[in-house]
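Next come the chains, spelled out residue by residue.
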Amino acid sequence: MNPNISKIASLISDPTRSSILLSLMDGRIHPASELAYTAKVKPQTASFHLQKMLEANLVSVERHGRHRYYKLTSSDAAKVIEQMLIISPNSPVTSLRDSREKSAIHFARTCYDHLAGYIGVQITNSLIEQGFIKKVDMNYEVTSEGFQFFQEFGIDLEEQKKKRRAYARCCLDWSEREHHIAGALGNALLLKMLELKWITRMPKIRAIKVTPSGKVELQKHFKMQL
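Residues numbered from 1 in each chain as written. Predicted model: local features only at pLDDT ≥ 70, side-chain atom pairs only at ≥ 80, totals over all residues. Heavy atoms only, no water.

Caption draft 1: View of the side chain of His114. For His114, the location among the structural elements is in strand β5 (residues 114-116). Assessed through its relative accessible area of 2%, His114 is described here as buried. There is a polar contact of 3.2 Å between the side chain of His114 and the side chain of Asp113. A polar atom in the side chain of His114 sits 3.1 Å from the side chain of His180. Setting aside residues no more than four positions away along its own chain, His114 makes contact with Arg109, Arg169, Cys171, His180, Ile181, Ala182, Gly186, Asn187 and Leu190. (Helix = DSSP H or I, 4+ residues; strand = E, 2+ residues; numbered from the N terminus. Buried < 20%, exposed > 50% of the residue type's maximum accessible area, 1.4 Å probe, protein only. Polar contact = N/O pair within 3.5 Å; in protein donor to acceptor, adjacent residues only side chain to side chain. Contact = heavy atoms within 4.5 Å.)

So, in structure tokens, the structure goes:
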């Protein structure tokens, strides 16, 4: 029997559920109340939609006392949502808040567990231009120069290769229409930059903010002018 594609399609097509799924694209867990605020619906309405997605295995839930926290079930679900964004029309900007959030998300955001947006693409392009990685089909390969770079940067490539997931794949960025680096290596880059406080997560949305020290270091290591 073929998988029921229409069931998943109908779930994602609902505006409230799609808004909730986009909020969960940062790879973190979120309380239902926060997801309701982001989707601009009442908590009871958000809970109804979350239950639907829970039944379809699009999201999972953790219970802590009386509170429930939700996250995407897997990177596969995130990959499908990201690909749909590429062919989706832009939503109309109806407020100053919408305009600011849109600008922030286009500049830098998390694509589930790796860096995306303008910053993600520019970092990837810089790694290619400096000869640290090269594109092979729909993946990236680390060169000998790149191995030394990542080692000095504090990323253990051998450890990343052992993880049961794609190592360094090309992910098409829906806002930049170029590829950025995903997979275990993309995740390691995001975590390292968060650890170094070059970037910080913005509250309630999946946008990423570059810190003042991050601007200096990104220029130094990735030749980026911000």
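After that view of the structure, there is still more to cover.
Caption draft 2: Summary view of the sheet that holds strand β1 (residues 30-31). With antiparallel pairing, 3 strands are arranged side by side in an open sheet as β1-β3-β2. Looking at strand neighbours, the two that pair on one side only are β1 and β2 (59-64), the edges of this open sheet. Sheet topology note: the β1/strand β3 (residues 67-72) ladder contains 2 bridges and is antiparallel. In the sheet register, His30 faces β3, and the bridge partner there is Tyr70. (Pairing = 2+ DSSP bridges.)

Caption draft 3: Structural context of unusual backbone geometry. In the Ramachandran plot, Tyr112 falls in the positive-phi region, its phi being about 65 degrees despite a non-glycine side chain. The exposure class of Tyr112 is buried, given its relative accessible area of 18%.

Caption draft 4: Region of interest: the packing of aromatic side chains. The full count for this structure, using the stated rule, is 7 aromatic pairs. With a centroid separation of 4.5 Å and 15 degrees between ring planes, the pair formed by Phe132 and Phe149 is classed as stacked. Remark: Phe149 occurs in helix α8 (residues 144-153) and Phe132 occurs in the loop between α7 (117-129) and β6 (133-136); sequence separation between them is 17 residues. Aromatic side chains Phe149 and Phe222 sit 5.9 Å apart centroid to centroid with 80 degrees between the ring planes, which places their arrangement in the edge-to-face category. Separated by 73 residues along the polypeptide, Phe149 in helix α8 and Phe222 in helix α11 (residues 212-222) bring together distant segments of the chain. A relative accessible area of 2% means that Phe222 is categorised as buried. (Phe/Tyr/Trp six-rings, centres within 6.5 Å; stacked < 30°, edge-to-face > 60°.)

Caption draft 5: Here's a closer look at helix α2 (residues 15-23). Of all the positions in α2, only Thr16, Arg17, Ile20, Leu21 and Ser23 are classed as buried. Along the axis of α2, the buried residues cluster in a sector spanning 155 degrees; they form a single face. For α2, the capping residue at the N-terminal end is Asp14, with a side-chain oxygen 3.0 Å from the backbone nitrogen of Thr16. (Arc of directions from axis to C-beta.)

Caption draft 6: Just the nonpolar core, in detail. In this structure, Ile123, Leu127, Phe150, Met193 and Phe222 are the most contacted members of the largest nonpolar core, which totals 29 residues. The set of elements that each furnish at least two residues to this core consists of α7, α8, α10 (183-195), β11 (208-210) and α11. For this core, the element with the most residues is α10, which contributes 5 residues. Other than its neighbours up to four places away in sequence, Phe222 contacts Ile123, Ser126, Leu127, Gln130, Phe149, Met193, Trp198 and Glu217. Residues Ala32, Ala46, Tyr112 and Cys171 belong to the second largest nonpolar core, which totals 25 residues. (Core = buried A, V, L, I, M, F, W, Y, C linked by side-chain atoms within 4.5 Å.)

Caption draft 7: Just the environment of Ala77, in detail. Counting through the fold element by element, Ala77 comes out in helix α5 (residues 75-86). For the pair Ala77 and Leu21, spaced 56 residues apart in sequence, the C-alpha separation works out to 9.5 Å.

Caption draft 8: Broad picture of α8. Residues Gly146, Phe149, Phe150 and Phe153 constitute the buried set of α8. Along the axis of α8, the buried positions cluster into a sector of 90 degrees, meaning they face one direction only. More than 90 degrees from the buried face of α8, the exposed residues found are Ser144, Gln151 and Glu152. Elements in contact with the buried residues of α8: α7, β6, β7 (139-142), α9 (157-161), α10 and α11. Gly154, located one to two residues past α8, shows a positive phi value of around 95 degrees.

Caption draft 9: Representation of the pairing of β3 within the structure. Here 6 bridges tie β2 to β3, and the two strands are oriented antiparallel to one another. Across the sheet, the residue bridging to Val59 is Leu72, located in β3. Following β2, the chain reverses through 2 residues before pairing antiparallel with β3; Gly65 in that reversal takes a positive phi of roughly 65 degrees.

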